[in-house]
Amino acid sequence: MSFGSEFKEFALKGNVVDLAVGVIIGAAFGKIVDSVVGDLIMPVISSVIGKIDFSSMYFVLGRIPAGVENTLPTLKKAGVPVLAYGNFITVAINFVILAFIIFIMVKQINRHKREAAPAPADPVTPEDILLLREIRDELKSKQGN
């Protein structure tokens, strides 16, 4: 088998295609969650805390050189050590929301799998057992007379 045909067989297997679709959908879903957090949740949290831009919350860990503006992008560009905890909190909230949504989805999928599982078929009773039952029932009916 040639390398090209072997690769084609591998790439077109169902698992690889399913994985590719999952990664693409996951990336798009991640963007949706980023937007929910950045555009809906963080502004509410920021209004409660009193900060307008939550992602720009940071502590400067080093000395700021002369002439460098005290903003997160310029400090990072100047190489000043900065603890950007606001961005970390935003990413952590993204993760928690995404993990919760995936948990709900997996839970629902598993519930549907359990519901869709076929009921076990009634075991077929062997013929000799059926005959023995008939004999037993017949004997019971004769004893009662």
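Figured I'd write up the structure that's included with this text. Computed from a predicted model, the values in this text were never measured in an experiment.

## Overview of the overall build of the chain
- A tally of regular secondary structure across the chain gives five helices and two strands.
- Ordered by position in the sequence, the α and β elements of the chain form the string α-α-β-α-β-α-α.
- The C-alpha radius of gyration of the chain comes to 33 Å, more than 25% above the 15 Å expected for a compact globule of 145 residues.
- Put simply, 44% of the contacts in the chain that link residues at least 6 apart link residues at least 24 apart.
- Summing over all exposed atoms, the chain offers an accessible surface of approximately 11,800 Å²; the carbon and sulfur share of this is 67%.
- Distance between charge centres in the chain, computed from 15 positive and 14 negative side chains, equals 10 Å.

## Thoughts on the nonpolar core
- Residues Tyr58, Leu72, Leu75, Val80, Val82 and Ala84 constitute the largest nonpolar core, which totals six residues.
- Leave out the neighbours within four places in its chain, and Tyr58 touches Asn70, Thr71, Leu72, Leu75, Val82, Leu83, Ala84 and Tyr85.

## Things to note about the pattern of salt bridges
- Enumeration over the complete set of coordinates arrives at one salt bridge.
- Across the pair Arg136 and Asp137 runs a salt bridge whose closest N-O atoms are separated by 3.3 Å.
- On the basis of relative accessible area, Arg136 is assigned to the partly exposed category, the value being 41%.
- Owing to a relative accessible area of 42%, Asp137 belongs among the partly exposed residues under this scheme.

## Observations concerning a nonpolar patch on the surface
- Taken together, the side chains of Ile129, Leu132, Ile135 and Leu139 make up a nonpolar region of the molecular surface, amounting to roughly 370 Å² of accessible area.
- One can find Leu132 in helix H5 (residues 127-144).
- Residue Leu132 is classed as exposed on the basis of its relative accessible area of 54%.

## Quick look at the environment of Ile93
- Mapped onto the fold, Ile93 is located in helix H4 (residues 85-116).
- Those residues within four positions of Ile93 in sequence are excluded, and the remaining contacts are Val37, Met42 and Ile45.

## Re the environment of Val48
- Structurally, Val48 is set in helix H2 (residues 14-49).
- For the pair formed by Val48 and Val68, sequence separation is 20 residues and the distance between their alpha carbons is 30 Å.

About the thresholds
Residues numbered from 1 in each chain as written. Predicted model: local features only at pLDDT ≥ 70, side-chain atom pairs only at ≥ 80, totals over all residues. Heavy atoms only, no water. Helix = DSSP H or I, 4+ residues; strand = E, 2+ residues; numbered from the N terminus. Rg over C-alpha atoms; globule rule 2.2 N^0.38 Å. Contact = heavy atoms within 4.5 Å. Areas by Shrake-Rupley, 256 points an atom, 1.4 Å probe, with all protein chains shown as cover. Lys, Arg positive; Asp, Glu negative; His and termini not counted. Charge placed at Lys NZ, Arg CZ, Asp CG, Glu CD. Core = buried A, V, L, I, M, F, W, Y, C linked by side-chain atoms within 4.5 Å. Buried < 20%, exposed > 50% of the residue type's maximum accessible area, 1.4 Å probe, protein only. Salt bridge = Lys/Arg side-chain N within 4 Å of Asp/Glu carboxyl O. Patch = residues over 30% accessible without salt bridge, like charges linked within 9 Å, V, L, I, M, F, W, Y side chains within 5 Å.

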